[in-house]
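Chains, contacts and geometry: an overview
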Number of protein chains: 2
Amino acid sequence: MAQGDKINFSNPSGFPEFLPSEKRLELYLLDIIRRVFESYGFTPIETPAVERLEVLQAKGNQGDNIIYGIEPILPPNRQAEKDKAGETGSEARALKFDQTVPLAAYIARHLNELTFPFARYQMDVVFRGERAKDGRFRQFRQCDIDVIARRELSLLYDAQMPAIITEIFEAVNIGDFLIRINNRKILTGFFKSVGIAANKIKSCIGIIDNLEKIGEAKVKQALAIEGIIPEQTQKIIDFISIDGSVDQVLDKLHHLAENLPEPDQLKLGVTELATVITGVRNLGVSEHRFTIDLSIARGLDYYTGTVYETTLLGHESLGSICSGGRYEELVGTFLGEKMPGVGISIGLTRLISRLLKAGIINTLSATPAQVMVVNMQADLMPIYLKVSQNLRRAGLNVITNFDKRPLGKQFQLADKQGIQFCVIVGAEEAAAEKSSLKDLNSGEQVEVALENLAEEIKKRLGNT
Amino acid sequence: MAQGDKINFSNPSGFPEFLPSEKRLELYLLDIIRRVFESYGFTPIETPAVERLEVLQAKGNQGDNIIYGIEPILPPNRQAEKDKAGETGSEARALKFDQTVPLAAYIARHLNELTFPFARYQMDVVFRGERAKDGRFRQFRQCDIDVIARRELSLLYDAQMPAIITEIFEAVNIGDFLIRINNRKILTGFFKSVGIAANKIKSCIGIIDNLEKIGEAKVKQALAIEGIIPEQTQKIIDFISIDGSVDQVLDKLHHLAENLPEPDQLKLGVTELATVITGVRNLGVSEHRFTIDLSIARGLDYYTGTVYETTLLGHESLGSICSGGRYEELVGTFLGEKMPGVGISIGLTRLISRLLKAGIINTLSATPAQVMVVNMQADLMPIYLKVSQNLRRAGLNVITNFDKRPLGKQFQLADKQGIQFCVIVGAEEAAAEKSSLKDLNSGEQVEVALENLAEEIKKRLGNT
């Protein structure tokens, strides 16, 4: 380690790490998300960080995702093992870049061990070799739920998703949000009805999906390039701009479906959407939490029915904070089976980073400790240890200060870490089985019998 | 996906994945471990899965650990970016193989943002390119705590470790265990006192550390090869075989320290050990949970003082289920500073695998859901959704069965997943605002008013 000072010990660009106050915030959010997921019966799984490369590339291509391959670096004296270990060629392995392809592989691997409909959650980290820029990470945690069926999947599973999104973000307390719901079949059906060729529908949907980002003029331009005539373009723009209350929009859609040619797909989409909306209402989601937005489509592929986006009101520029939808051909990939599914995803690492930057949430204190038992004199240490253990047994998180320092310095050390309470026991107090309890938030200091200490601290914690 | 069926979708050898019942067990254990860690004021951090290779190799060499390097696999149309992205050469990156080197780098990166003594926990997964064999994983989760100081670190931090180990394994309820405590200075001091050359002491400690694994005869042989004469070997064997109660062993050690030449190091070790033992007792750890075992040394390097191993009684062949110790020169690596630390580690993935195989613990049920609201008739679905939501709001995990099936099949579906309760609401019951509650464990079925349902289920859950 003579050259220790010459090593560049910075973390690799794009691979985030967490200070305690940040990691505590992440765990706080993960606990909330997990509690809500589990309350709807979603069960946890974990798939390996590493999959065979051919599995990760099984969806025909990897899209824009740059996959990280892994390759063992053997110590010089063990180079010979490399080939023996079969680490190359058909065994090539790489880090997962999302949780969808691994879910498909997982279901194929464990088909007979799982119960369907299979409702799972997963909160693993994934890896993408993106250029590290603002808000883009090469390693990030995604919180995903999906319900997968082997044949039919009730639309009520689609209806549960807005209820789950609502509960999570109400618990997180980040202000008003709006869940925007649409159905891809409504878009494809309408496009068909206004005479757009089947082979152009997907690209047209891709274009209108960018409306918010690029604006109406550029959407018109892009549709023109696709060969869409101005009259059709205007109909499309008018259609995706339909607004009003949920019931008004559903009425307009029903009316349109009755009056357009080739309405089957559109009608199916409207029926699905109406069923989902009824379910959302029956699940008790407040009317101001959701809306129908015919302009959202969620990218090009995958989704075949219901789609969701979630907007933080007043912070629209953050983009969707939770998105998802229904798909038919994603998860059965390795089985050659149609397995309908519906899911949502929270890109937690990016979300936290954006919410912190926008000042919408704050990090937590630097330690989970709520109490510091200070060190007044070394010979009382047995009492400090006993007091600390009693507080822990009562469910409190406690640091015993082992280092002898001036009392003021010990208060400072506690305060710096966000520890609210200091427990002070000097010789006199010890003899009388008492303590002084100092609340660093208020500055107040009160005398408390040792036997009542835990109760007193918990009462005061409950009040703040 | 035409060739979907030709893809080998098995998970790569050595990279474990979890079925729901296994992942739920892991989360259950992680929750316990986290609660105990936090009760002692340990705060969570996360370091990236990926570090610069030079950081991972900074401890002179990587030992026996095969490190996995990562390398971006670009889509064919983006090969040109590879060089631009600076992904090679001095920027070479790899997956972390333990949490110690990354902790050292983390502290160097955030020195001025952390408060010392810095008590952190970390429960990340790490990666090693080991040959996958029984009980060896290439990806596994480690639960580590360490306290790091910038100068002095009180021995009471060492004393807290057995208290923490005790609380965790008592909560997990895996049977009787014994924490074996030693101090490396006692070993090095004794070796010095019996005349073993300073440059041979480390290798001799390495040899006696294997006593349990290879037996006394082979230890003697190995010591002879090191040039240790039979008389010294016998003294060493007698020494590390010293047994008796904690106080008896401490007495013997005090006595030896008074009667051997060059006793300074030995005396220091004995004093440290006695201080730690006093602290462990003051922390209220039961006498039957810990012992002094002079034969444990924890490998060759790192540790300079207190060392711990934890044995599951009756299952000694499992090896240590929680180990650790004190070190002086590990964490200051990148700063060129001495930063004393003490820590313990639970190799959770391996531990779970071994405990399951030995039948010491069982997996949990396949779902967190405790209740299934069954589907009696489609037109009552609004009621099923409302009942489900009320139960969720009361803190229960609930699956609503959306699929219409015979009642017996629905009970089967619940039972298969380990869901204890089914809630049955038919037309008559709905009209009377009642339900039938079926306990699948007992077979019992009782009538419960809907408004009392959550309370009744929680009461019954509390009783099982």
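The rules behind the values
- Residues numbered from 1 in each chain as written.
- Chains lettered and ligands numbered in written order.
- Predicted model: local features only at pLDDT ≥ 70, side-chain atom pairs only at ≥ 80, totals over all residues.
- Heavy atoms only, no water.
- Least-squares fit on C-alpha atoms with pLDDT ≥ 70 in both.
- Contact = heavy atoms within 4.5 Å.
- Phe/Tyr/Trp six-rings, centres within 6.5 Å; stacked < 30°, edge-to-face > 60°.
- Helix = DSSP H or I, 4+ residues; strand = E, 2+ residues; numbered from the N terminus.
- Buried < 20%, exposed > 50% of the residue type's maximum accessible area, 1.4 Å probe, protein only.
- Lys NZ or Arg CZ within 6 Å of the ring centre and 35° of its normal.
- Pairing = 2+ DSSP bridges.
- Axes fitted to C-alpha atoms, helices over the stretch in contact; angles between N-to-C directions.
- Parallel < 35°, antiparallel > 145°, perpendicular 65-115°, else oblique.
- Left-handed = near helix turned anticlockwise from the far one by under 90°.
- Nonpolar A, V, L, I, M, F, W, Y, C, P; charged D, E, K, R; others polar.
- Core = buried A, V, L, I, M, F, W, Y, C linked by side-chain atoms within 4.5 Å.
- 1 Å grid on protein atoms, 1.4 Å probe; cavity = no way out; pocket = protein on both sides within 12 Å on 5 of 7 lines; lining within 4 Å.
- Points joined across faces, edges and corners; volume = space filled by probe spheres on them.
- Salt bridge = Lys/Arg side-chain N within 4 Å of Asp/Glu carboxyl O.
- Buried area = accessible area lost by both parts, 1.4 Å probe.
- Polar contact = N/O pair within 3.5 Å; in protein donor to acceptor, adjacent residues only side chain to side chain.
- UniProt positions renumbered as here; feature names shortened; annotations may be inferred.

**Topic: the relation of the copies chain A and chain B**
When chain A is fitted to chain B, the residual RMSD is 0.1 Å, and the transformation amounts to a turn of 180° plus an axial shift of 0.0 Å. In the structure described here, the two chain copies are related by an operation that fits a two-fold rotation axis. Residues of chain A ranked by C-alpha distance from the rotation axis are headed by I70 of chain A, positioned 2.3 Å from it. A shared binding surface is used by both copies, with 99% of the interface residues of chain A retained as interface residues in chain B.

**Overview of the packing of aromatic side chains**
Summed over the entire model, instances satisfying the criterion amount to 19 aromatic pairs over all chains. For the ring pair F190 of chain A and F239 of chain A, a centre distance of 3.8 Å and an interplane angle of 5° mean the geometry is stacked. With a gap of 49 residues between them, F190 of chain A in helix α6 (residues 184-193) and F239 of chain A in helix α10 (residues 230-240) connect regions that are remote in the sequence. This pair shows no difference in class: F190 of chain A is buried, exactly as F239 of chain A is. Pairing F15 of chain B with Y68 of chain B gives two aromatic rings, centres 6.0 Å apart and planes at 40°, and the pair type is tilted. One end of the pair, F15 of chain B, is in the segment before α1 (20-39); the other, Y68 of chain B, is in strand β3 (residues 67-73), and 53 residues separate them in sequence. Residue F15 of chain B is classed as buried on the basis of its relative accessible area, which comes to 1%. Aromatic ring contacts, followed pair by pair, group Y106, F116 and F118 of chain A into a single cluster. Over the ring of F177 of chain A we find R289 of chain A, and its NZ or CZ is 4.2 Å from the ring centre.

**Notes on the pairing of strand β7 (residues 139-148) of chain A**
Residue and element names in this part refer to chain A. Summarising burial for β7: ten of the ten residues are buried, a large majority. Of the two faces of β7, the one carrying Q139, R141, C143, I145 and V147 and the one carrying F140, Q142, D144, D146 and I148 are both buried. Of the pairings in the sheet, the one linking strand β5 (residues 118-122) to β7 comprises five bridges and is antiparallel in character. Of the residues in β7, the one forming a bridge with Q122 is D144. In the sheet, strand β6 (residues 125-127) pairs with β7 via three bridges, with the strands oriented antiparallel. Within β7, the residue paired with V126 across the bridge is F140.

**So, the packing of helix α1 (residues 20-39) of chain A against helix α5 (residues 155-172) of chain A**
Residue and element names in this part refer to chain A. Two elements in contact, α1 and α5, have axes separated by 10 Å at closest approach and are oriented at 150°. As summarised for this structure, α1 and α5 are arranged roughly antiparallel, according to the angle between their axes. Both α1 and α5 take part in a crossing whose hand is right-handed. Facing α1, whose interface residues are Y28, L29, I32, I33, R35, V36, F37 and S39, α5 presents I164, E167, I168, A171 and V172. Residue classes in the contact of α1 with α5 are distributed as ten nonpolar, one polar and two charged.

**Here we look at the nonpolar core**
Counting residues in hydrophobic clusters, the biggest one holds 207 residues, and the most contacted among them are L391 of chain A together with L391 of chain B. Not counting the four nearest positions on each side in its chain, L391 of chain B is found in contact with V371, V373, L396, V398, V423, L453, A454 and I457 of chain B.

**What to know about the sheet that holds strand β2 (residues 50-52) of chain B**
Read across the sheet, six strands follow the order β2(A)-β4(A)-β3(A)-β3(B)-β4(B)-β2(B) without closing on themselves; strand pairing throughout is antiparallel. Only two strands of the sheet have a single partner each, and these edge strands are β2 (50-52) of chain A together with β2 of chain B. Ignoring strand direction, the axes of neighbouring strands in this sheet form an average angle of 45°.

**Some thoughts on empty space enclosed by the protein**
Per the stated rule, a full pass over the model turns up seven cavities of 30 Å³ or more. Its volume calculated, the largest cavity comes out at about 710 Å³. Forming the boundary of the largest cavity are 39 residues, of which L30, M123 and R141 of chain A together with M123 and R141 of chain B lie nearest the centre. Where the lining of the largest cavity is concerned, the elements lending two or more residues are α1, β5, β6 and β7 of chain A together with α1, β5 (118-122), β6 (125-127) and β7 (139-148) of chain B. Partitioning the lining of the largest cavity into residue classes produces 19 nonpolar, six polar and 14 charged. As a volume, the second largest cavity reaches approximately 70 Å³. If you go around the second largest cavity, the residues you meet are L29, I33, I168, F169, V172, I174, I346, L348, L351, I352, L355 and I361 of chain B.

**Section: the pattern of salt bridges**
Taken as a whole and judged by the stated rule, the model has 58 salt bridges over all chains. Of the charged contacts, one joins K267 of chain B and E258 of chain B as a salt bridge, the two residues approaching to 3.9 Å between their closest N and O atoms. Residue class for K267 of chain B comes out partly exposed when judged on its relative accessible area of 33%. Here the residues in one salt-bridge network are R180, E212, D293, R298 and E309 of chain A, joined through shared partners.

**Here we look at the interface of chain A and chain B**
Taken together, the contact between chain A and chain B spans 114 residues of the former and 113 residues of the latter. Here chain A meets chain B over a buried area of about 9,400 Å², counting both sides, of which 57% is carbon and sulfur. Between the two partners, chain A and chain B, sit eight salt bridges. Between R34 of chain B and D31 of chain A there is a salt bridge; the shortest N-O distance is 2.8 Å. Linking chain A to chain B there are 38 residue pairs in polar contact (both at pLDDT 80 or more). Class assignment of the residues belonging to the side of chain A that touches chain B gives a composition of 57 nonpolar, 26 polar and 31 charged. In this structure, strand β3 (residues 67-73) of chain A lies alongside β3 of chain B, joined through seven bridges in antiparallel fashion. Paired with I73 of chain A across the two strands is I67 of chain B, which belongs to β3 of chain B.

**Topic: the UniProt feature "binding site: L-histidine" (unreviewed entry) in chain A**
Residues and elements named next belong to chain A. Mapped onto this numbering, the UniProt entry gives "binding site: L-histidine" (unreviewed entry) at D98, Q99, T100, R128, Q142, D146, R298, Y302 and Y303. On the secondary structure map, T100 appears in helix α4 (residues 100-109). Since its relative accessible area comes to 21%, T100 is described here as partly exposed. Apart from the residues lying within four places of it in its own chain, the contact partners of T100 are Y302 and L330. Tracing the sequence through the fold places R128 in the loop between β6 and β7. Residue classification places R128 among the buried positions, given a relative accessible area of 17%. When near neighbours in sequence (up to four residues on either side) are disregarded, R128 contacts N65, I66, Y68, F97, D98, F137, R138, F140 and Q142. A polar side-chain atom of R128 sits 2.9 Å from the main-chain carbonyl oxygen of F97.

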